[in-house]
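Understanding the architecture of this molecule
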Amino acid sequence: MITAKARAVDGPDKSFRAAEIKRRNLDSHDVLIEIKYAGICHSDIHTAHGEWGDVPYPLVPGHEIAGIVADVGSEVTKYKVGDRAGVGCMVDSCGECENCRKGEEQYCLKGNVPTYAGVDKYGEPTQGGYSTHIVVTEDFVLKIPDNIELDAAAPLLCAGITTYSPLNHWGAGPGKKVAVVGMGGLGHMAVKIAHAMGAEVTVLSQSLRKKEDGLQFGAENYYATSDPATFEKLAGTFDLIINTVSANIDMNAYLSLLALDGTLVNVGAPAEPLALNVFSLIPHRRSFAGSLIGGIRETQEMLDFCATHNIAPKIEVISADDIDEAYERVLASDVKYRFVIDISTM
Ligand code: NAP
Ligand code: ZN
């Protein structure tokens, strides 16, 4: 077994503490990654706080992982020691079901193996990237392009792919009006990616506090949702709305902003059910959809797209001692725009 240093949490209202965790010895197709940076996703917070259901504490979150390959199993062909490598929200799947065969492993019919708070094929609990090392089967490791810094690469492994995938699937591009609701970690990536795809991007944020940043990320318009006039002005406007908000919002108000045949895709994942009025959908043949991260092939495509278009998240690198404070700031929508843990401080 390999011992890794980590930061773990023992319960929904506990603080992070230093911990040691075990990583399995390398199987023939496994890659050992020395983690350099790990992003803090709002999903880490939902999970650590027990909002999505029972959690196997102690929990080591982290599914935005960037590092360097430190060792490889005897039959690994895709990676060698020294390569720049990333790991996102899943570390395995059945590989055989219809969805896995399509490259949509996130929708594995047997359930993908999440990077943390899951159980791997050996029956062991999975632990995430707030740690110094991780062992992952090579098919679930991503190549980080040379022109993306490792610290900035980390958030692409969740915030990047979670926004790229629905933008891609629903055809964001020239001639399309795309709105992004909430400009946090996911939201600011959605703005950059949708702009690079050629769409006309509008940000719908709680206030105008971050307007200058939004315009710099590539948005053409920026509105405050606290102003009721925003909803009157923009009624029936958008072909696609990506909702990244981590809390429950008035979905019917946002659906009213869709044009004929428009789609609102919810990637934000609050625990409580939403109240949806079908008459928000029927009159303009609107759709309400969800989307989960993205498959491995699409995640590599997203990394290469970001490298080609010089897209990187705007990040604040923090020490491992500051995770609790970072969580507080994310909850207060005071993140610009992703916290990334420098694992060397562990
Ligand atoms: P984040 O950085 O906290 O961003 C969320 C943003 O939503 C905030 O910055 C804020 O933007 C807005 N917001 C927060 N509370 C709000 C409220 N009460 N009313 C209106 N707006 C509010 O979070 P994130 O890491 O981007 O994650 C966002 C959500 O996506 C989380 O629920 C996370 O679990 C989920 N997620 C889903 C997937 C998936 O595969 N579907 C993957 C990753 C994450 P403004 O300040 O601009 O208003
Ligand atoms: Zn995430």
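Owing to the predicted nature of the structure, the values given are computational and were not obtained by experimental measurement. (Residues numbered from 1 in each chain as written. Chains lettered and ligands numbered in written order. Predicted model: local features only at pLDDT ≥ 70, side-chain atom pairs only at ≥ 80, totals over all residues. Heavy atoms only, no water.)

Here the focus is the domain arrangement of the protein chain. Along its sequence, the protein chain is carved into domain 1 (2–143 + 314–345) and domain 2 (159–290). Here the C-alpha centre of domain 2 lies 28 Å away from the C-alpha centre of domain 1. With 10 residues of domain 1 at the contact, the number on the domain 2 side is 15 residues. A buried area of about 1,100 Å², summed over both sides, lies between domain 1 and domain 2, and 50% of it is on carbon and sulfur atoms. (Domains from an automatic or database assignment. Contact = heavy atoms within 4.5 Å. Buried area = accessible area lost by both parts, 1.4 Å probe.)

The next point concerns the packing of helix H4 (residues 159–169) against helix H9 (residues 296–308). Closest axis-to-axis distance for the H4/H9 pair is 10 Å, and the angle between their directions is 100°. Considering the angle they form, H4 stands roughly perpendicular to H9. Here Gly160, Ile161, Tyr164, Ser165 and Asn168 of H4 lie close against H9, whose contacting residues are Glu298, Thr299, Glu301, Met302 and Phe305. Across the contact of H4 with H9, the residue classes break down as 4 nonpolar, 4 polar and 2 charged. (Axes fitted to C-alpha atoms, helices over the stretch in contact; angles between N-to-C directions. Helix = DSSP H or I, 4+ residues; strand = E, 2+ residues; numbered from the N terminus. Parallel < 35°, antiparallel > 145°, perpendicular 65-115°, else oblique. Nonpolar A, V, L, I, M, F, W, Y, C, P; charged D, E, K, R; others polar.)

Looking at where tyrosine 107 falls in the secondary structure, it is placed in the loop between helix H2 (98–101) and strand S7 (113–114). Note on tyrosine 107: relative accessible area 33%, which makes it partly exposed. Along the backbone, tyrosine 107 and alanine 153 are 46 residues apart, and their C-alpha atoms lie at a distance of 24 Å. When near neighbours in sequence (up to four residues on either side) are disregarded, tyrosine 107 contacts Asn99, Ser291 and Leu292. (Buried < 20%, exposed > 50% of the residue type's maximum accessible area, 1.4 Å probe, protein only.)

Taken as a whole and judged by the stated rule, the model has 0 disulfides. Note on cysteine 89: no disulfide assigned, nearest cysteine sulfur contributed by cysteine 158 at a separation of 3.6 Å. (Disulfide = S-S within 2.5 Å.)

Attention now goes to the confidence of the model for the protein chain. Low-confidence regions, as indicated by low pLDDT, have predicted coordinates that should not be scrutinised in detail. Per-residue confidence for the protein chain averages 98 on the pLDDT scale, and 100% of its residues sit at or above 70. When mean pLDDT is compared element by element in the protein chain, strand S10 (residues 177–181) scores highest at 99, while strand S1 (residues 2–8) scores lowest at 97. (pLDDT = per-residue confidence, 0-100.)

Take the packing of aromatic side chains next. Under the counting rule described, the total for this entry stands at 5 aromatic pairs. Look at phenylalanine 217 and tyrosine 337: their rings are 5.1 Å apart centre to centre, the planes differ by 85°, and that puts the pair in the edge-to-face class. Of the two residues, phenylalanine 217 is situated in helix H6 (residues 211–217) and tyrosine 337 in the loop between helix H10 (323–331) and strand S17 (338–342); the sequence distance between them amounts to 120 residues. A relative accessible area of 0% means that tyrosine 337 is categorised as buried. The aromatic ring of tyrosine 79 is capped on one face by lysine 143, whose charged end is 4.2 Å from the ring centroid. (Phe/Tyr/Trp six-rings, centres within 6.5 Å; stacked < 30°, edge-to-face > 60°. Lys NZ or Arg CZ within 6 Å of the ring centre and 35° of its normal.)

Taken together, 30 residues form the shell around ligand 1, and within it His42, Met183, Ser205, Lys210 and Arg338 come nearest. A distance of 2.9 Å separates an oxygen atom of ligand 1 from a polar atom in the side chain of glutamine 206. For ligand 1, a nitrogen atom lies 3.0 Å from a polar atom in the backbone of valine 267. Going through the elements one at a time, helix H1 (42–48) and helix H5 (185–197) are the ones with two or more residues in the shell around ligand 1. In terms of residue count, H1 provides more of the shell around ligand 1 than any other element does, 3 residues in total. Across the shell around ligand 1, the residue classes tally to 14 nonpolar, 14 polar and 2 charged. (Near = heavy atom within 4 Å. Polar contact = N/O pair within 3.5 Å; in protein donor to acceptor, adjacent residues only side chain to side chain.)

The next thing to look at is the sheet that holds strand S11 (residues 200–205). Pairing in this open sheet of 6 strands is parallel, and the strands run S12-S11-S10-S13-S14-S15 from one edge to the other. Of all strands in the sheet, those bounded by a partner on one side alone are strand S12 (221–224) and strand S15 (287–290). This sheet shows a mean twist of 20° between the axes of neighbouring strands, independent of strand direction. With 4 bridges connecting them, S10 and strand S13 (residues 238–243) associate as parallel partners. (Pairing = 2+ DSSP bridges.)

The next point concerns the coordination of the zinc ion (ligand 2). Taken together, the protein ligands of the zinc ion (ligand 2) are Cys41 (SG), His63 (NE2) and Cys158 (SG), with distances of 2.0 to 2.2 Å. In terms of primary sequence, the donors binding the zinc ion (ligand 2) are separated according to C-x21-H-x94-C. One end of the pair, histidine 63, is in the loop between H1 and strand S4 (65–72); the other, cysteine 158, is in the loop between helix H3 (150–153) and H4, with 95 residues separating them in the sequence. Neither residue differs from the other here; histidine 63 and cysteine 158 are each classed as buried. (Donors = N, O, S within 2.8 Å, 3.2 Å for Na, K, Ca; no water.)

In the numbering used here, UniProt assigns the "domain: Enoyl reductase (ER)" (unreviewed entry) feature to residues 11–341. As a span, residues 11–341 carries 24% helix and 25% strand, and end to end its C-alpha atoms are 21 Å apart. (UniProt positions renumbered as here; feature names shortened; annotations may be inferred.)

This part takes up the nonpolar core. The biggest cluster of nonpolar side chains holds 92 residues, and the ones touching the most others in it are Ile40, Tyr130, Leu167, Val191, Ile193, Tyr327 and Ile341. Per element, the largest residue contribution to this core is 7 residues, and it comes from H5. For this core, the domains that each give at least three residues are domain 1 (2–143 + 314–345) and domain 2 (159–290). With sequence-adjacent residues up to four places away left out, isoleucine 341 is seen in contact with Lys36, Tyr37, Ala38, Ile40, Tyr130, Ile318, Ser319, Ala320 and Ile323. Core analysis: the next-biggest nonpolar cluster, separate from the first, contains 17 residues, Phe231, Leu234, Phe238 and Leu281 among them. (Core = buried A, V, L, I, M, F, W, Y, C linked by side-chain atoms within 4.5 Å.)

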